[in-house]
Amino acid sequence: MSLPVQQLQFDDALLDDYSATVADAVDRIGPAVCRIERIGGAGGQGSGFVITPDGLVVTNFHVVGDARTVRVTMPDGASREGRVLGRDPDTDIALVRADGSFADIAPLGDSKRLRRGQIAIAIGNPLGFEWTVTSGVVSALGRSMRASTGRLIDDVIQTDAALNPGNSGGPLVSSAGEVIGVNTAMIHGAQGIAFAVASNTANFVISEIIRFGRVRRAFIGVSADTTNLPRRAALLSQVSSSTAVRLRSVEANSPAAKAGLREGDIIAAIDGRPVTGVDDLVRILDAERIGRETLCTVVRRSGITQVTVMPVARS
């Protein structure tokens, strides 16, 4: 049975709109995507993207490894040297300063505004095929995955946009032409499952590296996921947010464990500030909270309780 002509024309129009949306986003971000090759240290290469006109380039920690300098090659073939300013193995993010000035940049968007099902576009250099584009959707939000240090990277975006070796460090882009994540990993043997570090997490890491040359963090010893906060719980805990963080695990003998936090607890606020997601938890637990009493508003089945935690410096 053949489809009516009107239906075929409507489907063609939808496809054209989708194609135009992807192509426009690629035109906007693609010129800022680069290939990165190590100079010194163990050999390796991947992708990255320029975020400022003076040559700040974001990539993955596992792309630069222990190298102090890298070769940055742009889509127009221009190649220049870059100095690794800092790296954060805990989030698999690194920051490079490339020589020269850059007309095209890839702005970081707000990953907190993401929704499952929206368009996600990956740009990079997979398997030596330079400046390749794949597209899909945001499959899930608030995932956790283990970094090379053994610690969990929280607030990870899951997507079905195809990634391959060499895509690492490249941008995951929204239909609005903003970077919503830094492509970091795929699952070998799985079909269409890939991950990106959320742009808000990357933004925090970049800011710390620029200011201090490294990421300073307070440590309480938990891993967490973003979760919905029931309206009644939000009212009782006196926060306006509809989301919070649920503790997936609490390390033994950690500050959180000593304070009485436990798996399954929902943290709705810290020192009165709403914790709307994992990226909020990461930002709030900055270096200024090391050794300072920190009051957590915790939602449990038994009700709302206040737990005081004393963060320590992460080693």
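Everything here concerns the structure above.
All of these numbers come straight from a predicted model, not from anything done at the bench. (Residues numbered from 1 in each chain as written. Predicted model: local features only at pLDDT ≥ 70, side-chain atom pairs only at ≥ 80, totals over all residues. Heavy atoms only, no water.)

1. Details of the overall build of the chain
A tally of helices and strands in the chain yields 6 helices and 20 strands. For 315 residues, the compact-globule estimate of 2.2 N^0.38 gives 20 Å, and the C-alpha radius of gyration of the chain, at 21 Å, lies within 12% of that figure. For the chain, the spread of C-alpha atoms along the principal axes amounts to about 60 × 55 × 35 Å. Burial status across the chain gives 49% buried among its 315 residues. For the chain, contacts bridging at least 24 residues in sequence account for 59% of all contacts bridging at least 6. Carbon and sulfur atoms form 49% of the exposed surface of the chain, whose accessible area is close to 15,000 Å². (Helix = DSSP H or I, 4+ residues; strand = E, 2+ residues; numbered from the N terminus. Rg over C-alpha atoms; globule rule 2.2 N^0.38 Å. Buried < 20%, exposed > 50% of the residue type's maximum accessible area, 1.4 Å probe, protein only. Contact = heavy atoms within 4.5 Å. Areas by Shrake-Rupley, 256 points an atom, 1.4 Å probe, with all protein chains shown as cover.)

2. Some thoughts on the pairing of strand β15 (residues 243-250)
Sheet analysis places strand β14 (residues 222-228) next to β15, joined by 7 bridges and oriented antiparallel. Bridging from a neighbouring strand, V222 pairs with V250 of β15. Where β15 lies against strand β16 (residues 266-270), 2 bridges are found, and the strand directions are antiparallel. Of the residues in β16, the one forming a bridge with V245 is I267. (Pairing = 2+ DSSP bridges.)

3. Looking at the environment of Q238
Mapped onto the elements, Q238 comes out in the loop between α4 (231-236) and β15. Classification of Q238 by relative accessible area gives exposed; the value is 73%. Considered as a pair, Q238 and G272 are 34 residues apart in the sequence and their alpha carbons are 8.6 Å apart.

4. Considerations on the environment of R68
The topology assignment puts R68 in the loop between α2 (61-64) and β4 (69-73). Classification of R68 by relative accessible area gives exposed; the value is 70%. Excluding anything up to four places from it in sequence, R68 contacts G82, R83, V84 and R87.

5. Considerations on the environment of P230
Mapped onto the secondary structure, P230 falls in the loop between β14 and α4. A relative accessible area of 47% places P230 in the partly exposed class. Sequence separation between P230 and G65 is 165 residues, and the spatial gap between their C-alpha atoms is 43 Å.

6. Digging into the sheet that holds β4
Taken in spatial order, the 6 strands of this closed barrel run β1-β2-β3-β6-β5-β4, and their pairing is antiparallel. Strand after strand, the sheet turns through a mean of 40° between neighbouring axes, direction not considered. Where strand β5 (residues 79-88) lies against strand β6 (residues 93-98), 6 bridges are found, and the strand directions are antiparallel. Looking across to β6, one finds that R87 is bridged to A94. Against the sheet, helix α3 (residues 199-212) makes contact with β3 (56-59), β5 and β6, and its axis sits at roughly 55° relative to β6, the strand it touches most. (Axes fitted to C-alpha atoms, helices over the stretch in contact; angles between N-to-C directions.)

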